[in-house]
Amino acid sequence: MNEIAPVTDAAAPKATPTLPDAQTVTEVKHWTDRLFSFRVTRPASLRFRSGEFVMIGLMNDPDPKTGKVKPLLRAYSIASPSWDEEMEFYSIKVQDGPLTSKLQHIKVGDEIILRPKPVGTLVHDALIPGKRIWFFATGTGFAPFASLLREPQTYEDYDEVIITHTCREAGELQYGHDLIESLKTDELLNELIGDGFWKKIKYYPTTTREESPKMGRITDLMRSGEAFEDLGVPPLNPESDRAMICGNLAFNLELKDLFENTYGLEEGANSKPAHFVVEKAFLD
């Protein structure tokens, strides 16, 4: 795996909000030329479940006809856990993207819009009890799992936690790699959850374009049996395995089909918990 030193801005004092639902940027890290993460202040009244998302954004350019300026918002999974005093997000950079073309240039002390109405399906409440939890991510779909990997309930509910992360290039795995490594020395989490809680995690990163220790799409590696052999676990089954999916649409649909027609898992929801859930709002 290629080691990439993130560029980090130091924290700045909270500014007086001037945008609607404004929160202040406290940290920005650029991981690659396509990926960055940032932290912002958290509204005092905001409560959310680890794995949920909110709408965030900036003010759009003035309308050329009316001159009016409206908020430009997109759904972003919250990458920080429910107990964190700040909120973290993980984003792609799209040079001509309506929002990310602007968002990628934020700096410490800037403001973003954060609508404090969290929703989402990647929550523990949407799954029935099981032995093993799988998190399947592509690209920035790792974000909700960054939250859930730091959520005490994850380790209370499951004996094993398996996180797969498939990206095109090795550098795109760095955010997830660094986060998982940080759990080992996180004194607060080790005290909160229990010393060595991180030993329950099995991390399975793969790349599809740039050479890395493990190449291939996770779905192909599952079909061949290679992924299960590498991880030392049996294929998924309804008795013991629960799963969450967050990736591009094709990935989500392929895994959903695999779960239902190969492994016999049933899709769940907040209103009807079952074996697996898919985050439909995510776009990589």
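Here the structure is a predicted model, which means the values were calculated and not measured.

Draft legend 1. Focus on the sheet that holds strand 12 (residues 276-278). Strands sit in the order 10-9-8-11-12 across an open sheet of five strands; the sheet is parallel. Of all strands in the sheet, those bounded by a partner on one side alone are strand 10 (201-207) and strand 12. Taken over all neighbouring pairs, the strand axes of this sheet differ in orientation by 10° on average, direction set aside. Running at roughly 165° to strand 11 (residues 241-246), helix 8 (residues 249-261) makes contact with strand 8 (132-138), strand 11 and strand 12 of the sheet.

Draft legend 2. Representation of a nonpolar patch on the surface in the model. Side chains of Trp-83, Leu-188 and Leu-192 sit close together on the surface and give an oily, nonpolar patch of about 280 Å² of accessible area. You can see Leu-192 is positioned in helix 5 (residues 187-193).

Draft legend 3. Local environment of the environment of Phe-53. The topology assignment puts Phe-53 in strand 4 (residues 53-59). In this structure Phe-53 comes out as buried when scored by relative accessible area, which is 13%. C-alpha of Phe-53 to C-alpha of Ser-240: the two residues are 187 residues apart in sequence and 27 Å apart in space.

Draft legend 4. Molecular detail of the pattern of salt bridges. On inspection of all chains with the given rule, the structure shows 22 salt bridges. Residue Lys-214 pairs with Glu-226 through a salt bridge whose shortest N-O separation is 2.6 Å. Remark: Glu-226 occurs in helix 7 (residues 226-231) and Lys-214 occurs in the loop between strand 10 and helix 6 (218-224); sequence separation between them is twelve residues. Lys-214 gets classed as buried once you look at its relative accessible area, which sits at 18%. Put simply, Lys-214 and Asp-230 hold a salt bridge, and the shortest N to O gap is 2.8 Å. Of this pair, Lys-214 sits in the loop between strand 10 and helix 6 while Asp-230 sits in helix 7, and the two are 16 residues apart along the sequence. For Asp-230, a relative accessible area of 40% translates into the label partly exposed. Salt bridges sharing common partners tie together Arg-39, Asp-84, Glu-86, Glu-88 and Arg-150.

Draft legend 5. Expanded view of the packing of aromatic side chains. Under the defined criterion, the tally for this structure stands at 13 aromatic pairs. An angle of 75° between the planes, with centres 5.8 Å apart, marks the rings of Trp-134 and Phe-228 as edge-to-face. Within this pair, whereas Trp-134 is found in strand 8, its partner Phe-228 is found in helix 7, the two being separated by 94 residues in sequence. Pairing Phe-142 with Tyr-175 gives two aromatic rings, centres 6.1 Å apart and planes at 90°, and the pair type is edge-to-face. On the criterion of sequence distance, the pair formed by Phe-142 in the loop between strand 8 and helix 2 (143-148) and Tyr-175 in helix 4 (residues 174-183) is long-range, its members being 33 residues apart. Using a relative accessible area of 3% as the deciding quantity, one classes Tyr-175 as buried. Among the aromatic residues, those joined into a cluster by ring pairs are Trp-134, Phe-136, Phe-228, Phe-259, Tyr-263 and Phe-276.

Draft legend 6. The side chain of Glu-254, seen in detail. Note on placement: Glu-254 falls in helix 8. For Glu-254, a relative accessible area of 18% puts it in the buried group. Once you skip the residues sitting within four places of it in the chain, Glu-254 turns out to touch Arg-217, Thr-219 and Arg-223.

Draft legend 7. Structural view of the nonpolar core. In this structure, Phe-135, Phe-142, Phe-145, Leu-149, Tyr-175 and Met-244 are the most contacted members of the largest nonpolar core, which totals 32 residues. Contributions of two or more residues to this core are made by strand 6 (86-92), strand 8, helix 2, strand 9 (160-167), helix 4 and strand 11. Core analysis: the next-biggest nonpolar cluster, separate from the first, contains 22 residues, Trp-134, Ala-227, Ala-243 and Val-278 among them.

Draft legend 8. Structural detail: the environment of Phe-251. With respect to the helices, strands and loops of the structure, Phe-251 is situated in helix 8. Separated by 225 residues in sequence, Phe-251 and Thr-26 have C-alpha atoms that sit 33 Å apart. Not counting residues up to four positions away in its chain, the partners in contact with Phe-251 are Phe-136, Ala-137, Thr-138, Ile-218 and Ile-245.

Rules used throughout
Residues numbered from 1 in each chain as written. Predicted model: local features only at pLDDT ≥ 70, side-chain atom pairs only at ≥ 80, totals over all residues. Heavy atoms only, no water. Pairing = 2+ DSSP bridges. Helix = DSSP H or I, 4+ residues; strand = E, 2+ residues; numbered from the N terminus. Axes fitted to C-alpha atoms, helices over the stretch in contact; angles between N-to-C directions. Contact = heavy atoms within 4.5 Å. Patch = residues over 30% accessible without salt bridge, like charges linked within 9 Å, V, L, I, M, F, W, Y side chains within 5 Å. Areas by Shrake-Rupley, 256 points an atom, 1.4 Å probe, with all protein chains shown as cover. Salt bridge = Lys/Arg side-chain N within 4 Å of Asp/Glu carboxyl O. Buried < 20%, exposed > 50% of the residue type's maximum accessible area, 1.4 Å probe, protein only. Phe/Tyr/Trp six-rings, centres within 6.5 Å; stacked < 30°, edge-to-face > 60°. Core = buried A, V, L, I, M, F, W, Y, C linked by side-chain atoms within 4.5 Å.

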